[in-house]
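Results of the structural survey
One-letter residues, chain by chain:
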Amino acid sequence: MKVLETEFAIGFIRMATDGWNQGWHERNGGNLSYRIKKEEIDQVNEELNPGKWQAIGTEVKDLSGEYFLVTGSGKYFRNLEINPEDSMGIVEIDETGTNYRICWGLVNGGRPTSELPTHLMNHQVKKQTKGDDMRVIYHCHPANVIALTFVLPLKDQVFTRELWEMATECPVVFPDGIGVVPWMVPGGREIGEKTSELMKKYDVAIWAHHGMFVAGENFDMAFGLMHTVEKSAEILVKVMSMSKEKLQTIKPDEFRDLAREFKVTLPEKFLYEK
Ligand code: 13P
Ligand code: ZN
């Protein structure tokens, strides 16, 4: 079977196009990775053509032998659909968890995304904490979430609570909350460490003045999570633009009622009195 005929490649490209259409991927902004299942990589074995091993820039021992479909560095999400073999690639992780090699795609001398260390470290944390359930890590530059990082305190509690308040479905969609990474230089091990530390508790991490990372079971779940958080940020931006104070909002006890009804656990640390 050809890589481009697989369900995972088709889902990956569709998600990239959806993200582009949302306006979350100016120029080469954002990146996407998918941890390929064993039976899926076996399907495309004949098309794989491994290149040279190269350093990841971090260590992900628990991902040794795994294969990932990733977007390329400097590649534009709007081009994934029309030129997938140039814009994305399949990489294999070596047994030490410190090197990768390109096995398919990135045909014009491309490299995997510069955020590969963060993607892989997040995948490793999700594999450790959730087993085989979480396969998608997604990073984009959504304007409303980024705008909020200039005016809200860069605290998990504040971002989670303020965004929960903006739509009743939010605490149900991201009950564990949202982590916030202060401004850091992107593209390396350090920001990857900080982000993956947050991914032990959350499925969403905001990078101040930069963008957002989410983890999801599949493309629908990851995209839907990103969409929900960014929509709620858009509502908050509108509310803050209209008035300094909210006249009414969802109260801590109402969140507790919601949690009971929808059978989710909402950590009390987010339900503080203001
Ligand atoms: P890449 O083009 O290397 O994926 O970088 C885009 C980006 O959003 C960096 O944070
Ligand atoms: Zn980015």
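Just above sits the structure.
Treat the numbers as computed from the prediction; the structure is a model and nothing was measured. (Residues numbered from 1 in each chain as written. Chains lettered and ligands numbered in written order. Predicted model: local features only at pLDDT ≥ 70, side-chain atom pairs only at ≥ 80, totals over all residues. Heavy atoms only, no water.)

As a further point, take the coordination of the zinc ion (ligand 2). Coordination of the zinc ion (ligand 2) by the protein is provided by His139 (NE2), His141 (NE2) and His210 (NE2), with metal-donor distances spanning 2.1 Å. Along the chain, the residues donating to the zinc ion (ligand 2) fall in the pattern H-x1-H-x68-H. On the criterion of sequence distance, the pair formed by His141 in the loop between strand E6 (136-140) and helix H5 (143-148) and His210 in the loop between strand E8 (204-207) and strand E9 (211-216) is long-range, its members being 69 residues apart. Both residues of the pair, His141 and His210, belong to the buried class. (Donors = N, O, S within 2.8 Å, 3.2 Å for Na, K, Ca; no water. Helix = DSSP H or I, 4+ residues; strand = E, 2+ residues; numbered from the N terminus. Buried < 20%, exposed > 50% of the residue type's maximum accessible area, 1.4 Å probe, protein only.)

What follows deals with helix H9 (residues 219-242). With 24 residues, H9 extends 35 Å from end C-alpha to end C-alpha; this agrees with the ideal 34 Å at 1.5 Å per step. N-capping of H9 is provided by Asn218, with a side-chain oxygen placed 3.2 Å from the backbone N of Asp220. (Expected span 1.5 Å × (residues − 1). Polar contact = N/O pair within 3.5 Å; in protein donor to acceptor, adjacent residues only side chain to side chain.)

On to the pairing of E9, then. The two faces of the sheet receive side chains in turn, since in a regular strand these alternate between them. With 6 of 6 residues buried, E9 is to be regarded as a mostly interior element. Inspection of the sheet shows E6 paired to E9 by 5 bridges, in the antiparallel sense. From the neighbouring strand, Val136 faces E9, where its bridge partner is Gly216. In terms of strand pairing, E8 meets E9 through 4 bridges, oriented antiparallel. Residue pairing for E9: Ile206 is matched across the bridge by Met212. Between E8 and E9, which pair antiparallel and follow one another directly, the connecting turn spans 3 residues, one of which, His209, has a positive phi of 60°. (Pairing = 2+ DSSP bridges.)

What follows concerns helix H8 (residues 189-199). Turning to H8, its buried residues number three or more, namely Ile191, Gly192, Thr195, Ser196, Leu198 and Met199. Looking down the long axis of H8, one finds its buried residues gathered within 150° of arc, a one-sided arrangement. Check the buried side of H8 and you find it contacts helix H4 (116-130), helix H6 (156-165), strand E7 (179-181), E8 and E9. (Arc of directions from axis to C-beta. Contact = heavy atoms within 4.5 Å.)

This part takes up the site of ligand 1. Taken together, Asn28, Gly29, Gly30, Asn31, Ser73, Gly74, Thr113, Ser114, Glu115, His139, His141 and His210 make up all the residues around ligand 1. At 3.0 Å, a side-chain N or O of His210 approaches an oxygen atom of ligand 1. The class makeup of the residues in the shell around ligand 1 is no nonpolar, 11 polar and 1 charged. (Near = heavy atom within 4 Å. Nonpolar A, V, L, I, M, F, W, Y, C, P; charged D, E, K, R; others polar.)

A cluster of nonpolar side chains, contributed by Phe150, Val151 and Met240, occupies part of the molecular surface with about 310 Å² of accessible area. Residue placement: Phe150 occurs in the loop between H5 and H6. Here Phe150 falls in the exposed class, since its relative accessible area comes to 56%. (Patch = residues over 30% accessible without salt bridge, like charges linked within 9 Å, V, L, I, M, F, W, Y side chains within 5 Å. Areas by Shrake-Rupley, 256 points an atom, 1.4 Å probe, with all protein chains shown as cover. Salt bridge = Lys/Arg side-chain N within 4 Å of Asp/Glu carboxyl O.)

The final tally for this structure, using the stated rule, is 21 salt bridges. Residue Lys274 pairs with Glu165 through a salt bridge whose shortest N-O separation is 2.6 Å. Highlighted residues: Lys274 in the segment after helix H10 (252-262) and Glu165 in helix H6, separated in sequence by 109 residues. Taking relative accessible area as the criterion, Lys274 reaches 59% and is therefore assigned exposed.

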